[in-house]
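Here are the chains, one letter per residue:
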Amino acid sequence: MSELCRERLATQLAEAVAEALRQDLTRQARALLVVSGGTTPLPFFRALSLCTLPWSRVEVTLADERWVPEDHADSNARLVREHLLQGPAAEATFVPLTTRDVTPEQGVEALVQRIAGLAWPASAVVLGMGGDGHTASLFPDSHELSLALSTGEPAVAVRAASQPQPRLTLSADRLHRAHRHFLHITGGDKRNVLARALAGDDSRELPIRAFLACPLAVYWAP
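These remarks concern the structure in this document. (Residues numbered from 1 in each chain as written. Predicted model: local features only at pLDDT ≥ 70, side-chain atom pairs only at ≥ 80, totals over all residues. Heavy atoms only, no water.)

**Examining the overall build of the protein chain**
- A count of helical and extended segments in the protein chain gives seven helices and nine strands.
- In terms of C-alpha radius of gyration, the protein chain reaches 16 Å, essentially the compact-globule figure of 17 Å for 222 residues.
- The principal-axis extents of the C-alpha atoms in the protein chain amount to approximately 40 × 40 × 35 Å.
- When each of the 222 residues of the protein chain is scored for burial, the buried share is 55%.
- For the protein chain, the accessible surface area stands at approximately 9,900 Å², while carbon and sulfur atoms represent 51% of it. (Helix = DSSP H or I, 4+ residues; strand = E, 2+ residues; numbered from the N terminus. Rg over C-alpha atoms; globule rule 2.2 N^0.38 Å. Buried < 20%, exposed > 50% of the residue type's maximum accessible area, 1.4 Å probe, protein only. Areas by Shrake-Rupley, 256 points an atom, 1.4 Å probe, with all protein chains shown as cover.)

Structure below.
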C-alpha cells in the first residue's frame, strides 16, 4: 500500500511542478527547475518526464551534488539523466553541478559562472530531507553550514563528517529565491523529523528549518 501511495504522491507532485513551469513559460522564454537527488525523487522524475511541456524551453539543475563523476553510482546527475531526461523531456537543458576539478573548492568558481546564465529565479525547487534534517547539502555537521545558510553567493563547496564525499550545494539564499518550493518526503521517520523541525527555529540543528518560513508545499506519503 505504501508503494502505491508513493507512486500517487510522485504523480501529484509532477503535475504540480509541470503546472508551475507552464505558468511561468506563458510570460518568459525559459523556466528553471531545481531538483534533488537520492532515491525518493525517482518516481517523481519518471512521472514528470511524461508530462506535456515545451521541454526545449525548460532548464534543469540540481540543488546539490556529490563531487563524483557523472557516471558514478552516487551521482545525482546520473539519476536525472536516467529517470527524468527521457522521451520528450530529453529536450530540456540540463546543467550539472560538477567539473573535472579534483575538489569542489577548486570547481566552485567555474560552476558559479556556469549557472549564472540560467533562468533565475527558479520556477520551482523540489527539496528532499534526510533523517538528520539536512536538505540539499546543508548538513548539521558541516563546517560550511553557517556559510551556506548566510552567503549571498549562489553555490558553496561543503564537507561533512557524516558524508563520504565532498559536495557542492546551492546556497540557502539562491534556493530561497525560487518562485515555488516543494518538499518531497516519505516514511514515518521523515514525518517525525519534520514535526521536530516545525517545533523549533535553529537551522543549524535541523537545516530544513531554513525553508519553513517560505511558502512550502509538503508532499508526504507513508
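**Things to note about the pairing of strand 5 (residues 124-127)**
- Across the two faces of strand 5 the burial is the same, with Ala124 and Val126 and Val125 and Leu127 all buried.
- Sheet topology note: the strand 1 (residues 31-35)/strand 5 ladder contains two bridges and is parallel. Across the sheet, residue Val34 finds its bridge partner in strand 5, namely Val125.
- In this structure, strand 5 lies alongside strand 8 (residues 181-186), joined through three bridges in parallel fashion. Residue pairing across strands places Val126 opposite Phe182, the latter belonging to strand 8. (Pairing = 2+ DSSP bridges.)

**Overview of the packing of aromatic side chains**
- The final tally for this structure, using the stated rule, is two aromatic pairs.
- Taking the centre distance of 6.0 Å and the plane angle of 55° together, the rings of Phe182 and Tyr219 count as tilted. Taken together, the residues Phe182 in strand 8 and Tyr219 in strand 9 (residues 216-221) connect sequence positions 37 residues apart.
- Given the relative accessible area of 6%, Phe182 is considered buried.
- Judged by relative accessible area, Tyr219 falls into the buried class, the value being 17%.
- Between Arg174 and the ring centre of Trp120, over which it is positioned, the NZ or CZ distance is 4.7 Å. (Phe/Tyr/Trp six-rings, centres within 6.5 Å; stacked < 30°, edge-to-face > 60°. Lys NZ or Arg CZ within 6 Å of the ring centre and 35° of its normal.)

**Side note on the packing of helix 2 (residues 42-49) against helix 3 (residues 76-83)**
- It is the contact of helix 2 with helix 3, at a shortest axis distance of 9 Å, that shows an interaxial angle of 40°. One way to sum up the angle between helix 2 and helix 3 is to call them oblique. At the point where helix 2 passes helix 3, the crossing takes the right-handed sense. The segment helix 2 lies against helix 3, with Leu42, Phe45, Arg46 and Ser49 engaging Leu79, Val80 and His83. (Axes fitted to C-alpha atoms, helices over the stretch in contact; angles between N-to-C directions. Parallel < 35°, antiparallel > 145°, perpendicular 65-115°, else oblique. Left-handed = near helix turned anticlockwise from the far one by under 90°. Contact = heavy atoms within 4.5 Å.)

**Digging into helix 4 (residues 104-115)**
- For helix 4, the complete set of buried residues consists of Pro104, Gly107, Val108, Leu111 and Ile115. The buried residues of helix 4 all sit within an arc of 125° when viewed along its axis, so they share a single face. Turned more than 90 degrees off the buried face of helix 4, the exposed positions are Glu109 and Gln113.
- Against the buried residues of helix 4 lie strand 4 (93-95), strand 6 (155-158) and strand 7 (167-170). (Arc of directions from axis to C-beta.)

**Points about the sheet that holds strand 6**
- An order of 3-7-6 is seen for the three strands of this open sheet, with the pairing classed as antiparallel. Across the chains shown, the open sheet's two edge strands, defined by having one partner strand only, are strand 3 (64-66) and strand 6. Each adjacent strand pair in this sheet contributes to an overall mean axis angle of 15°, direction not counted.
- Pairing geometry for strand 6 and strand 7, over four bridges, is antiparallel. Its bridge partner lying in strand 7, Val158 is registered against Arg167.
- Where helix 4 meets the sheet, its contacts fall on strand 6 and strand 7, and the angle it forms with strand 6 comes to roughly 160°.

**Details of helix 7 (residues 188-198)**
- All of the buried residues along helix 7 are Lys190, Val193, Leu194 and Ala197. Each buried residue of helix 7 lies within a common arc of 100° when the element is viewed along its axis, so the set occupies one face.
- The inward-facing, buried residues of helix 7 abut strand 8 and strand 9.

Read these as geometric descriptors, not functional statements.
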